Amino acid sequence: MKTSSMSPRLISEETKTIKFFLALFYIFFYAYDIYLYYLVPFYTKEGKIGLSSEGLGTMFHIAVLALLPIAIYFIKKGNPYIVKYIYLFSYAAIETTNSLIIYIGTDKPYGSGNIVELLFVFFSPIFVNKKYFWTASICMVGKYVIIGGILQQSNVVLPIITFFILSVIAYFLLTRFTSYIHSLTSVHLELRQKEKLAVIGQMAAGIGHEIRNPLSALKGFTQLQQERSPNSNDFYPIMIQEIDRINSIVNDLMYLGKPKEIKFDKANIEEIIAYTLSITQQQAERQGVTIETKIAGPLPPLDCDPLQLKQVFINLIKNAIESMPNGGRITINVRVIEGKKMNISIQDEGCGIDEDSVPNLGEPFYTTKTDGTGLGLMVSNQIVQDHQGEITIKSSIGKGTLVNVTVPISHNY
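If you're wondering where the values come from, they're calculated on a predicted model, not measured in any experiment.

1. Some details on helix α6 (residues 130-151)
Thinking step 1. Taking 1.5 Å per residue as the helical rise, α6 with its 22 residues ought to reach 32 Å, and the 32 Å between its terminal C-alpha atoms agrees with that figure.
Thinking step 2. Every buried residue belonging to α6 is among Y132, F133, A136, S137, C139, M140, K143, Y144, I147, G148 and L151, and all of these are buried. The buried residues of α6 all sit within an arc of 155 degrees when viewed along its axis, so they share a single face. With respect to the buried face of α6, the exposed residues turned more than 90 degrees away are K131 and I138.
Thinking step 3. Positive backbone phi, approximately 55 degrees, marks Q152, located one or two places after α6.

Structural data, given as structure tokens:
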């Protein structure tokens, strides 16, 4: 599930980090200059006490301070992400200009810079942004490379080495932060999924049986009325079909509420596929869909629950058929992978699903169909996982969908 970078919660966290960064930036920046231009001359009795008049002079500090209103403006506008880049590039440009004015045309050894430059690189992991990390590292190293190239001085080698070492340390910190956040996100998503399943389970246990009882009576009454007046009303078949669809949804809910115990047995995938096609063939013909089966035999037996796998393939093939209301072709390909797994692929020529929606397929009540519930694919995914297998889906809008089901073959094969 993707989270937008413009999420209010993420903006709030970025704003807090930026404020912390700005506080450290100005503390480091002015504390270093106070130490360099006031405390050192005072205690060593060497040099003039006060800010240097060389280069940009006091304009250097005013220019850096002038960045603060710009930062406040973007923070209030809800775009704190750009602030760190403004400070990085602006400071590098101001400092480079100041250094070149001071040292060009002189024989003085280069000795400019500010300790705050270390903050750009070493603080970058806090933003948990690899793009900014690489930008800050390259910018700081590039600054000294440019100055050294123009001034033709080797004094810049030490700062370059220092920034390289700091970049390596910062990269490892950033990697750990990213890995930790990814783990927390995965755990959070897993907990959300379990909470959804728990809600569905409670709902199924509470109302599943209560729905089934009147549903059975309603279907029986409708069938009785159809038998009494077979030619008087064309709506009876539609009513029965819709009742069956409701019953199918209730069955899915009942499975999620109380999953059936898997009874592993040896079964032939050919028989499972053949049974599935016999169930779905009528619906396929009604919509002008042809189904082609390619089986790379002979195939080994599966350790599985045949009834549950039949439910999986009925759900998947029905999804493929419903994605082609104007007809098309479904290709079912069965083959063995590496002698250990069975792969059953179902390729349709339907409307397809956009890439952003594919990761959400299989979540409770998430569906791309106007009259779907999302439970069928969820149940199918759960059954396949219970068989130590997996379902993968690839889809493109207008080109169709490819569903791959992979399950282990019999251990005694």
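2. Some details on the pattern of salt bridges
Thinking step 1. Tallied over the entire structure, the rule returns 7 salt bridges.
Thinking step 2. Note that K108 and E54 form a salt bridge whose closest N and O atoms lie 2.6 Å from each other. Taken together, the residues K108 in the loop between α4 (83-103) and α5 (116-122) and E54 in the loop between α1 (8-44) and α2 (58-65) connect sequence positions 54 residues apart.
Thinking step 3. What makes K108 partly exposed here is its relative accessible area of 33%.
Thinking step 4. With a shortest N-O distance of 3.7 Å, D303 and K266 are connected by a salt bridge. One end of the pair, D303, is in strand β3 (residues 302-304); the other, K266, is in strand β1 (residues 265-267), with 37 residues separating them in the sequence.

3. What about the packing of aromatic side chains?
Thinking step 1. For the coordinates displayed, the defined rule picks out 30 aromatic pairs.
Thinking step 2. Ring geometry for F25 versus F120: centroids 5.8 Å apart, planes at 65 degrees, classification edge-to-face. Here F120 lies in helix α5 and F25 lies in helix α1, a separation of 95 residues in the sequence. The pair F25 / F120 is uniform in exposure class, with both members buried.
Thinking step 3. For the ring pair Y26 and Y87, a centre distance of 6.1 Å and an interplane angle of 85 degrees mean the geometry is edge-to-face. Here Y87 lies in helix α4 and Y26 lies in helix α1, a separation of 61 residues in the sequence.
Thinking step 4. Since its relative accessible area comes to 0%, Y87 is described here as buried.
Thinking step 5. Positioned over the ring face of Y103 is K108, at 5.6 Å from the centre of the ring.
Thinking step 6. In this structure, K143 is placed above the aromatic ring of Y144, and the distance from its NZ or CZ to the ring centre is 3.8 Å.

4. Points about the confidence of the model for the chain
Thinking step 1. Here the chain averages 81 in pLDDT, and 85% of its residues register 70 or above.
Thinking step 2. Predicted confidence in the chain is weakest over helix α8 (residues 235-257), with a mean pLDDT of 70, and strongest over helix α3 (residues 67-76), with 93.

5. Quick notes on the side chain of E14
Thinking step 1. Here E14 shows up in helix α1.
Thinking step 2. When its relative accessible area of 8% is taken as the criterion, E14 is described as buried.
Thinking step 3. Beyond its immediate sequence surroundings of up to four residues, E14 is in contact with P80, Y81, K84 and F127.

6. Quick notes on the sheet that holds strand β6 (residues 390-396)
Thinking step 1. Spatially, β2-β4-β5-β7-β6 is the arrangement adopted by the 5 strands of the open sheet, whose pairing is mixed. Of all strands in the sheet, those bounded by a partner on one side alone are β2 (289-295) and β6. If you compare each strand with its neighbour and ignore which way they point, the axes differ by 15 degrees on average.
Thinking step 2. Set on the sheet, helix α9 (residues 269-286) makes contact with β2, β4 (328-337) and β5 (341-347); between it and β2 the angle comes to about 170 degrees.
Thinking step 3. In this fold helix α10 (residues 306-322) packs onto β2, β4, β5 and β7 (400-408), with an angle of close to 25 degrees to the strand it touches most, β5.

7. Let's talk about the environment of A92
Thinking step 1. Along the chain, A92 falls in helix α4.
Thinking step 2. Look at A92 and you get buried, because its relative accessible area is 8%.
Thinking step 3. As for A92 and A136, which are separated by 44 residues in sequence, their C-alpha atoms are 9.9 Å apart.

8. Describing the pairing of β4
Thinking step 1. Summarising the sheet, β2 and β4 pair through 7 bridges and their orientation is parallel. In the sheet register, I291 faces β4, and the bridge partner there is I330.
Thinking step 2. Sheet topology places β4 next to β5; 7 bridges connect them, and they run antiparallel. Note on β5: the bridge partner recorded for I332 is I346.
Thinking step 3. From the end of β4 to the start of β5, which pair antiparallel, there are 3 residues, and E338 there has a positive phi angle of about 55 degrees.

9. Some remarks on the nonpolar core
Thinking step 1. By size, the foremost hydrophobic cluster in this structure holds 43 residues, and its most contacted members are F21, F25, Y87 and F120.
Thinking step 2. Sorting elements by how many residues they give to this core places α4 first, with 11 residues.
Thinking step 3. Contacts of F120, omitting those with residues within four sequence positions, involve F21, F25, Y87, L88, Y91, Y132, A136 and M140.
Thinking step 4. Counting 36 residues, the second-largest nonpolar core is a separate cluster that includes A267, L299, L302 and I344.

10. Focus on the pairing of β6
Within a regular strand, the side chains alternate between the two sheet faces.
Thinking step 1. Of the strand pairs in this sheet, β6 and β7 are connected by 7 bridges, and their pairing is antiparallel. Across the sheet, the residue bridging to S395 is T401, located in β7.

11. Examining the side chain of S345
Thinking step 1. Along the chain, S345 turns up in strand β5.
Thinking step 2. Not counting residues within four places of it along the chain, the set of residues in contact with S345 comprises T331, I332, N333, L402, V403 and N404.

About the thresholds
- Residues numbered from 1 in each chain as written.
- Predicted model: local features only at pLDDT ≥ 70, side-chain atom pairs only at ≥ 80, totals over all residues.
- Heavy atoms only, no water.
- Helix = DSSP H or I, 4+ residues; strand = E, 2+ residues; numbered from the N terminus.
- Expected span 1.5 Å × (residues − 1).
- Buried < 20%, exposed > 50% of the residue type's maximum accessible area, 1.4 Å probe, protein only.
- Arc of directions from axis to C-beta.
- Salt bridge = Lys/Arg side-chain N within 4 Å of Asp/Glu carboxyl O.
- Phe/Tyr/Trp six-rings, centres within 6.5 Å; stacked < 30°, edge-to-face > 60°.
- Lys NZ or Arg CZ within 6 Å of the ring centre and 35° of its normal.
- pLDDT = per-residue confidence, 0-100.
- Contact = heavy atoms within 4.5 Å.
- Pairing = 2+ DSSP bridges.
- Axes fitted to C-alpha atoms, helices over the stretch in contact; angles between N-to-C directions.
- Core = buried A, V, L, I, M, F, W, Y, C linked by side-chain atoms within 4.5 Å.

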